[in-house]
Amino acid sequence: MIGDYTYSEFFSILAMQGFAGLILFSVFVLMALGLAIIFGQMGVINMAHGEFMILGAYVTYLCSNFVSSYAPALFPIYFFVAMVLAFMASFALGLLVEWAMIRHLYKRPLDTLLATWGLSLVLQQLYRSVFGAREVGVTLPDWLMGSVALTDIVEVPINGLFVMGLTLAITVAVYFIMFRSGWGKRVRAVMQNRVMAGAVGIDTRKVDRMTFGLGCGIAGIAGAAFTMIGSTGPTAGQLYIVDTFLVVVFGGAASLLGTIASAFTISQAQSTMEFFMSGSMAKVLTLLSVVIILMLRPQGLFTLKIRQ
Amino acid sequence: MNALSNPFFTRQGWLYLAILAVLLLVVFPLALDPFRLNLVGKYLTYAFVALGLVLCWGHGGILSLGQGVFFGLGGYCMAMFLKLESSSPENTAIQSTPGIPDFMDWNQVTALPWWWEPFHSLPFTIVAVIAVPAIFAFIIGFAMFTRRVGGVYFAIITQAVAAILTILIIGQQGYTGGVNGITDLRTLLGWDIRTNDAKTILYFVCAGLLIACLLLSQAVHISKFGRLLIAIRDKEDRVRFSGYDVAAFKIFVFCFAAALAAIGGAMFTLQVGFMSPSFVGIVPSIEMVIFAAVGGRLSLFGAIYGTLLVNYAKTSFSETFPELWLFAMGGLFIAVVMAFPDGIAGLYNRYIAPHVARLLGSIRKRDAEGQSLAHPAE
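As annotated in an unreviewed UniProt entry, chain B is Urea ABC transporter permease subunit UrtC from Notoacmeibacter ruber. The UniProt entry for chain B carries the following text under Subcellular location (unreviewed entry): "Cell membrane".

An unreviewed UniProt entry annotates chain A as Urea ABC transporter permease subunit UrtB originating from Notoacmeibacter ruber. Check the Subcellular location (unreviewed entry) section of the UniProt entry for chain A; it says "Cell membrane". Listed in UniProt under the heading Sequence similarities (unreviewed entry), the comment for chain A reads: "Belongs to the binding-protein-dependent transport system permease family. LivHM subfamily."

Caption draft 1: Fine view of helix 14 (residues 322-338) of chain B. Its 17 residues place the ends of helix 14 of chain B 25 Å apart at the C-alpha level, agreeing with the 24 Å of an ideal helix rising 1.5 Å per residue. When helix 14 of chain B is considered as a whole, its buried residues turn out to be B:Trp325, B:Leu326, B:Met329, B:Gly330, B:Phe333, B:Ile334, B:Val336 and B:Val337.

Caption draft 2: Looking closely at the interface of chain A and chain B. Contacts between chain A and chain B engage 41 residues on the former and 41 residues on the latter. Carbon and sulfur atoms supply 80% of the area that chain A and chain B bury against each other, a total of about 3800 Å² over both sides. Taken together, the connections running from chain A to chain B amount to 1 salt bridge. One salt bridge in this structure joins A:Asp111 and B:Arg297, with 3.4 Å as the shortest N-O distance. Linking chain A to chain B there are 3 residue pairs in polar contact (both at pLDDT 80 or more).

Caption draft 3: Inspection of the packing of helix 2 (residues 34-59) of chain B against helix 9 (residues 224-234) of chain B at higher detail. All names here are of chain B. Look at helix 2 against helix 9: their axes get within 9 Å of each other, and the N-to-C directions meet at 45°. The orientation of helix 2 with respect to helix 9, classified from their angle, is oblique. Contacts from Leu55, Gly58 and His59 in helix 2 reach Leu229, Ile230 and Arg233 in helix 9. Of the residues that constitute the contact of helix 2 with helix 9, the class distribution is 3 nonpolar, 2 polar and 1 charged.

Analysis parameters
- Residues numbered from 1 in each chain as written.
- Chains lettered and ligands numbered in written order.
- Predicted model: local features only at pLDDT ≥ 70, side-chain atom pairs only at ≥ 80, totals over all residues.
- Heavy atoms only, no water.
- UniProt positions renumbered as here; feature names shortened; annotations may be inferred.
- Helix = DSSP H or I, 4+ residues; strand = E, 2+ residues; numbered from the N terminus.
- Expected span 1.5 Å × (residues − 1).
- Buried < 20%, exposed > 50% of the residue type's maximum accessible area, 1.4 Å probe, protein only.
- Contact = heavy atoms within 4.5 Å.
- Buried area = accessible area lost by both parts, 1.4 Å probe.
- Salt bridge = Lys/Arg side-chain N within 4 Å of Asp/Glu carboxyl O.
- Polar contact = N/O pair within 3.5 Å; in protein donor to acceptor, adjacent residues only side chain to side chain.
- Axes fitted to C-alpha atoms, helices over the stretch in contact; angles between N-to-C directions.
- Parallel < 35°, antiparallel > 145°, perpendicular 65-115°, else oblique.
- Nonpolar A, V, L, I, M, F, W, Y, C, P; charged D, E, K, R; others polar.

In structure tokens:
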């Protein structure tokens with residue numbers, strides 16, 4: 001017996017909390033992947049990343065409404081189309097923003113922070129004007145509802161499993177794009193030595209734009225996934241942005257593995273602590289430990305050893 | 001410019017100071033009704049933060065996105081004192097535990113927490129308004145700057161600190177008043193701060209303090225320390241190799257900015273009559289940065305005018321077109337960063353200051369404040 005619980009109850013609760021943590025982890029990873037590409041590779045702070053995510057969520061919402069009113073037969077599979085559209089919408093907006101704003105600010109990273117914060121305010125108000133201030137939810141197809149019972153007490157929701165699977169797929173895809181493809185090689189070459197990369201014939205401007213677009217596009221997919229586990233409102237993106245930045249910085253900005261590891265640590269720490277204390281105190285303790293560890297180890301958990 | 005015979009202000013600088021003083025101490029009090037004057041007083045409290053940011057961010061290159069933390073800490077220290085005064089046993093006789101603030105009573109806290117006790121004393125409170133945020137800034141600054149964390153990482157971590165403090169204040173409702181903050185503040189040593197007369201007097205105190213802080217900031221700016229600060233911003237390694245303790249300078253300027261923000265926070269509490277977590281978090285902290293940016297991140301005078309202008313625009317916009325305000329604010333962020341990074345002061349120095357200089361009859365065209373400092377090379 002532990003407290004008022006029997007052992008099996010206790011472990012079931014641990015498992016449930018762990019699973020809730022895993023879903024949080026998946027959302028963190030999806031958001032942080034895009035940010036890690038933009039911040040880690042390009043050094044640009046994109047404070048509007050949350051709003052790119054919300055764009056993906058709204059695209060999914062529109063898609064679900066459209067399909068359920070005009071093509072109900074396709075409803076079970078609309079989600080896959082929605083994800084592609086969400087990616088494309090955020091990707092396109094990302095290209096536009098890079099062209100209009102970011103490319104002028106590459107030498108002033110702190111100013112990208114302020115400018116993209118301004119962008120996030122504009123986007124938030126835009127969402128509010130178009131979709132209303134109320135939160136909107138997405139109807140899920142039947143096969144995504146319900147849950148799988150592992151034991152008598154432990155139940156695992158299917159949409160949570162789906163988000164995890166999606167995260168895994170996207171992470172693998174990003175790994176291959178960044179570390180196994182010719183394009184990824186060019187991206188890393190540009191980020192490490194822009195002048196030299198330009199000298200060997202890489203179009204650095206194009207690489208910058210595509211990298212930024214890709215990061216934003218992944219945020220769009222994160223937004224689509226987000227609709228499955230929560231509702232979407234104009235300011236939802238802002239709630240996650242600080243957490244996501246901490247995830248990226250904590251993991252070591254340029255390291256994919258670090259991002260995943262730190263997302264895992266932070267989300268598990270938070271969901272485990274939520275069991276023992278109030279949610280807000282759990283959050284305070286988690287963020288505080290991250291900040292303290294960052295003060296001890298400013299470069300993050302995993303760092304690439306490169307010459308500056 | 002001869003750096004060794006560094007005058008406190010140029011002739012133009014004294015003129016600007018006189019204009020500012022007349023505007024704040026004569027024009028506004030005569031032209032505005034008490035309600036509007038109180039509103040301007042509220043804006044001026046943000047100008048303290050902007051002054052600190054000019055030194056810390058514009059000159060020092062340290063962008064802190066956590067100034068709301070220091071503003072809030074200063075404001076909360078003052079609010080705790082005022083709250084204890086208005087929670088005398090007679091005033092709170094209907095509570096189940098008289099003598100403690102009402103929100104504690106609502107949250108089943110039966111005794112005053114130990115860290116509230118010292119705030120019965122006004123001298124302690126005044127010291128705490130400055131000391132608590134400064135010590136807090138020292139801890140953050142020491143941990144970060146001695147380990148050479150800077151730039152973007154510093155900004156993100158200060159932002160996280162702002163998030164942590166907001167969550168903490170909201171979560172610990174019984175001790176901090178939660179999301180409503182500390183409200184219903186009535187008297188300062190028996191003097192009712194809610195009357196129009198009191199608000200006018202507090203406005204003058206605030207404006208006077210602001211001018212004093214401006215002079216203090218200018219003193220820091222023209223000192224050898226101020227010059228080193230700019231050197232650190234532009235080429236940190238060179239300053240370090242020359243044998244200076246870069247971290248100590250950065251810690252000092254960060255604490256200085258924090259103390260200024262805290263004075264602003266305390267004046268805010270006095271003039272507005274409450275303090276809440278909505279002035280602590282990430283959003284207000286970034287807004288404070290934009291006040292300084294609009295005014296001109298390199299100009300102390302610019303920071304004050306920028307704060308007044310942005311807040312005036314915010315008030316009048318959100319009264320008439322609440323929808324448009326976020327668009328305008330967002331557009332302002334983007335425009336200031338992309339089109340005129342030196343803000344209003346930069347535009348002024350470029351187009352108007354030369355004419356003013358000619359009118360003043362100075363033979364040698366002196367650089368106006370800020371213009372001599374090249375833009376941060378990041």
